[in-house]
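Residue-level structure breakdown
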Amino acid sequence: MVAYTKIFKVDPVRPDVEVIRYAARVIREGGLVAFPTETVYGLGANAFDARAVERIYVVKGRPPDNPIIVHICDVRQLELVASRVPEDAYKLIERLWPGPLTLLLPKGPRIPYVVTAGLETVAVRMPAHPVALELIREAGVPIAAPSANLSGKPSPTRGEHVVEDLYSKVEVVIDAGETLYGVESTIVNLLSDPPMLLRPGAYPVEEIERILGKSIVVPGFARGLGEAERALAPGMKHRHYAPDTPLILVESNGYDEPERVVEAAKRIILDHKMKGLKVAVVAYTETYKYYEGLADRILVMGSRSNPYEIARNLFATLRAVDKLGVDVAVIEGVEERGLGLAIMNRLRKASTLKLRV
Ligand code: TXA
Ligand code: MG
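Notes on the structure in this doc start here. Predicted, not measured: the structure shown is a model, and the values here were computed from it.

**Digging into the overall build of the protein**
Helix and strand counts for the protein come out as eleven helices and 15 strands. Relative to the globule expectation of 21 Å for 357 residues, the C-alpha radius of gyration of the protein, 20 Å, shows essentially globular dimensions. With the C-alpha coordinates aligned to their principal axes, the bounding extent of the protein is approximately 60 × 50 × 35 Å. Burial analysis of the protein (357 residues in total) assigns 59% to the buried set. Sequence-distant contacts in the protein: of pairs separated by 6 or more residues, those separated by 24 or more amount to 68%. When the accessible surface of the protein is split by element, carbon and sulfur atoms take 51% of a total near 14,700 Å². Here the protein holds 46 positive side-chain charges and 45 negative ones, and the gap between their average locations is 2 Å.

In structure tokens:
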């Protein structure tokens, strides 16, 4: 294991060429580099180097049955990682890459099984971030990269989050500030008929269906509900994104009348206060005022009218909860459509208790 980590701050649009060259050499030599993508930070290794990829699992404390996404910078690299690309995949690739869409493809022979956790499929995406694209190009190999957090922790959306989790465990952290979307890529399996959503993410599934001209099955586990052990994206079955502080999620079938959710949340807060516990609430610009004078701490994730803002603040907020010194946190859910599907999936997986009102 490395004793120190080199941290480079770069401009997200025009990163210093010398930094990219240095980091690319580290990748080629079998080291680990944390780098920004448009979704969250990734922890990268040469996708062809089984020993380097093995170290990703060790460093993150990642369960060995959880496969890793391979990142490419050019569609021509597809043939290096996949043995076949279905027609439907090209439809999406043409429209959505580079971007936050990951596709399941039959694994090519050069990808070691440690990347796919023994599966015959490989998850592939082309990230829409200049730093990620230039790093892959300069390294000259596809880069296998999970999110750059300790396993189970909220994904990192800022360089500081990566340093918090991985300092002294990886060779390089490239810090390009805050990521754009704040939630991970959408994962779709086009090898099944009908196609299936394996993880909701930054691209709304409705948009992908429109481009495909067919519907995509959204199983319960993709919404973060039940049947976790049957999850087809193995990573989805583990408790995830979780702060150490117990988190109580208050959801509703509709948020047109936010009072219902607020009233329920206030009751829970009061219950815990009566037991002498310190309570935080995570709310929105529309609702935070209702908790003044009741909750010990109030965090605002954004406006209910702007799911992009909520997604961008989501993981940083979950990390912030642990720094408040409270015993429990209560969080309001959001409408489960568009980007809201990804947000609710993460919130359900992060929470210790879910309540529907
Ligand atoms: O936006 C993203 O996708 C970020 C950035 C860094 O690219 N990456 C990311 O990786 O979120 P990770 O490892 O945190 O999540 C990858 C998910 C896991 O749930 C894993 O089980 C699933 O993808 N996955 C990877 N390969 C798979 C495969 N062959 N079959 C099914 N699921 C797969
Ligand atoms: Mg992850």
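**As for empty space enclosed by the protein**
Inspection of every chain in the model, using the stated rule, returns one cavity of 30 Å³ or more. Each pocket or cavity is described by its volume, and for the largest cavity that value is around 30 Å³. If you trace the largest cavity, you find it lined by Thr186, Leu197, Pro200, Gly201, Tyr203, Pro204, Val205, Gly338, Leu341 and Ala342. The residue inventory of the lining of the largest cavity, partitioned by class, reads seven nonpolar, three polar and no charged. Two domains each donate at least three residues to the lining of the largest cavity, and these are domain 1 (6-223) and domain 2 (247-356).

**A look at the sheet that holds strand β2 (residues 33-35)**
Ordered by their spatial adjacency, ten strands build an open sheet running β1-β8-β2-β3-β7-β4-β6-β5-β9-β10, and the pairing between neighbours is mixed. The sheet terminates laterally at β1 (6-9) and β10 (196-199), the two strands that pair on one side only. As paired strands, strand β9 (residues 186-189) and β10 are joined by three bridges and run antiparallel to one another. Along β10, the bridge assignment pairs Asn189 with Met196. Against the sheet, helix α2 (residues 50-60) makes contact with β3 (42-46) and β7 (143-144), and its axis sits at roughly 155 degrees relative to β3, the strand it touches most.

**Examining the packing of helix α4 (residues 87-96) against helix α8 (residues 205-212)**
Contact pair α4 / α8: the axes reach a minimum separation of 9 Å and the direction vectors enclose 120 degrees. Relative to α8, α4 is oriented oblique. Seen along the crossing, α4 lies across α8 with a hand that is right-handed. Contacts between α4 and α8 pair Asp88, Lys91, Leu92, Arg95 and Leu96 from the former with Ile208, Ile211 and Leu212 from the latter. Classifying every residue of the contact of α4 with α8 gives five nonpolar, no polar and three charged.

**So, unusual backbone geometry**
Of all residues except glycine, most have a negative phi; of all peptide bonds, most are trans. Cis geometry is adopted by the peptide bond preceding Pro98, which originates at Trp97 and carries an omega value of -5 degrees. Note on placement: Pro98 falls in the loop between α4 and β5 (101-106). Pro194 follows Asp193 through a cis peptide bond whose omega is 0 degrees. Backbone geometry at Ala117 places phi at a positive 55 degrees, although glycine is not the residue there. Its location among the elements puts Ala117 in the loop between α5 (113-116) and β6 (121-125). One non-glycine residue with positive phi stands out, namely Ser168, at about 75 degrees. Within the secondary structure, Ser168 sits in the loop between α7 (159-166) and β8 (172-175).

**Quick notes on the environment of Val114**
For Val114, the position within the fold is in helix α5. On the accessibility criterion, Val114 (21% relative accessible area) is partly exposed. Through-space distance from the C-alpha of Val114 to that of Asn345 is 27 Å; in sequence the pair is 231 residues apart. In this view, Val114 contacts Ala50, Val53, Glu54 and Tyr57; residues no more than four positions away in its chain are not counted.

**Looking at the packing of aromatic side chains**
With the rule as written, the count across this model stands at two aromatic pairs. Ring geometry for Phe8 and Tyr22: centres 5.6 Å apart, planes at 65 degrees, overall edge-to-face. Within this pair, whereas Phe8 is found in strand β1, its partner Tyr22 is found in helix α1 (residues 17-28), the two being separated by 14 residues in sequence. Look at Tyr22 and you get partly exposed, because its relative accessible area is 25%.

**Overview of the environment of Ile20**
Residue position: Ile20 is located in helix α1. Residue classification places Ile20 among the buried positions, given a relative accessible area of 3%. For the pair formed by Ile20 and Leu166, sequence separation is 146 residues and the distance between their alpha carbons is 20 Å. If we skip the residues at most four places from it in the chain, Ile20 touches Pro15, Val131, Glu134, Leu135 and Glu138.

What counts, and at which threshold
- Residues numbered from 1 in each chain as written.
- Chains lettered and ligands numbered in written order.
- Predicted model: local features only at pLDDT ≥ 70, side-chain atom pairs only at ≥ 80, totals over all residues.
- Heavy atoms only, no water.
- Helix = DSSP H or I, 4+ residues; strand = E, 2+ residues; numbered from the N terminus.
- Rg over C-alpha atoms; globule rule 2.2 N^0.38 Å.
- Buried < 20%, exposed > 50% of the residue type's maximum accessible area, 1.4 Å probe, protein only.
- Contact = heavy atoms within 4.5 Å.
- Areas by Shrake-Rupley, 256 points an atom, 1.4 Å probe, with all protein chains shown as cover.
- Lys, Arg positive; Asp, Glu negative; His and termini not counted.
- Charge placed at Lys NZ, Arg CZ, Asp CG, Glu CD.
- 1 Å grid on protein atoms, 1.4 Å probe; cavity = no way out; pocket = protein on both sides within 12 Å on 5 of 7 lines; lining within 4 Å.
- Points joined across faces, edges and corners; volume = space filled by probe spheres on them.
- Nonpolar A, V, L, I, M, F, W, Y, C, P; charged D, E, K, R; others polar.
- Domains from an automatic or database assignment.
- Pairing = 2+ DSSP bridges.
- Axes fitted to C-alpha atoms, helices over the stretch in contact; angles between N-to-C directions.
- Parallel < 35°, antiparallel > 145°, perpendicular 65-115°, else oblique.
- Left-handed = near helix turned anticlockwise from the far one by under 90°.
- Phe/Tyr/Trp six-rings, centres within 6.5 Å; stacked < 30°, edge-to-face > 60°.

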